[in-house]
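# Coordinate analysis (summary)
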Amino acid sequence: MNISLNKVYETFMETECKITRAYGTVLKYDSMYRNHIGPRFGKGKISKIRATHLQEFVAEIVSKYQSQFPHSMYNFLNVLFKYAYAKEYITHNPMDRVEPPRGCVNKPVKLLTEEAFKQLQSALSTKRVLLPYNIGLALGLRVSEAYGLQWSDFQWDKNEVHINRQLKRQKGIWCIAPPKTGNSVRVIKFGEEFARYLKEVKAIQEENRAKYGEFYKPPTGHSFFQSIFTYDQQILLGEGYQ
């Protein structure tokens, strides 16, 4: 089919990517295409792009950039050309013959020592982020998922919580958004000890709500607490916590 890669990309973004991918992924794809792929291949016909062209391009990215960027670029090329093949814009996928970057490996996971963990716990004990921190730690949530929780998400008779939203900053505005992926919508069980902790926190919140009325702000589920978390995190990083 006589169609440019630019046109394939525009169609992919409008009809599939923005519907099936997380907002952050859409921004990442757009940045990689505008700054790298588009200037190199965009105006040309997609049917004329060969595996050798793409292999040379990936090699150049590896030579210029470090960390995970070359690996992300390779993955995005795979996604884009698989889409083109599935929509019959091309009769074969040249990315099938492109070798992935060999030098791109995941950084080793850094684990806190027991002493560092105790210091972190102590530093957070007097801060407003303690509740979302404890929830995230106990339930294995992303930061955005912890701040997206509401008390209505908890089922006390079953000791479980439903994860179905997250708090995200999109285009400079804090908003409630769907979870990162479809698999991120899930139900998580928790034990009696953690249930008691949550019920105690909830009781204190209800007491404070009755006391302060319209001036009361609960410590989870609102965007200004995400801002406070960012501020506190910067303080902790400045003190050597990671």
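Definitions and cut-offs
- Residues numbered from 1 in each chain as written.
- Predicted model: local features only at pLDDT ≥ 70, side-chain atom pairs only at ≥ 80, totals over all residues.
- Heavy atoms only, no water.
- Pairing = 2+ DSSP bridges.
- Helix = DSSP H or I, 4+ residues; strand = E, 2+ residues; numbered from the N terminus.
- Axes fitted to C-alpha atoms, helices over the stretch in contact; angles between N-to-C directions.
- Parallel < 35°, antiparallel > 145°, perpendicular 65-115°, else oblique.
- Contact = heavy atoms within 4.5 Å.
- Nonpolar A, V, L, I, M, F, W, Y, C, P; charged D, E, K, R; others polar.
- Left-handed = near helix turned anticlockwise from the far one by under 90°.

## What to know about the sheet that holds strand E1 (residues 154–155)
Read across the open sheet, the three strands follow the order E1-E2-E5; overall the sheet is antiparallel. The open sheet has two free edges, formed respectively by E1 and strand E5 (186–189), since each of these has just one partner strand. Relative to strand E2 (residues 160–163), E1 runs antiparallel, the two being bridged by two bridges. When the sheet's bridge partners are listed, Phe-154 is paired in E2 with Val-161.

## Concerning the packing of helix H2 (residues 23–41) against helix H4 (residues 69–86)
One can describe the packing of H2 onto H4 by two numbers: an axis separation of 11 Å at closest approach and a directional angle of 95 degrees. On the basis of their axis angle, the class for H2 and H4 is roughly perpendicular. Contacts between H2 and H4 involve Lys-28, Tyr-29, Met-32, Tyr-33, His-36 and Ile-37 from the first element and Phe-69, Ser-72, Met-73, Phe-76, Leu-77, Val-79 and Leu-80 from the second. Counted by class, the contact of H2 with H4 contains ten nonpolar, two polar and one charged residues.

## A closer look at the packing of helix H3 (residues 51–64) against H4
Direction vectors running N to C along H3 and H4 enclose 155 degrees, while the axes themselves pass 9 Å from each other. With respect to their mutual orientation, H3 and H4 come out roughly antiparallel. Relative to H4, the crossing made by H3 is right-handed. Facing H3, whose interface residues are Leu-54, Phe-57, Val-58, Ile-61 and Val-62, H4 presents Phe-69, Pro-70, Met-73, Tyr-74, Leu-77 and Phe-81. For the contact of H3 with H4, the residue count by class is eleven nonpolar, no polar and no charged.

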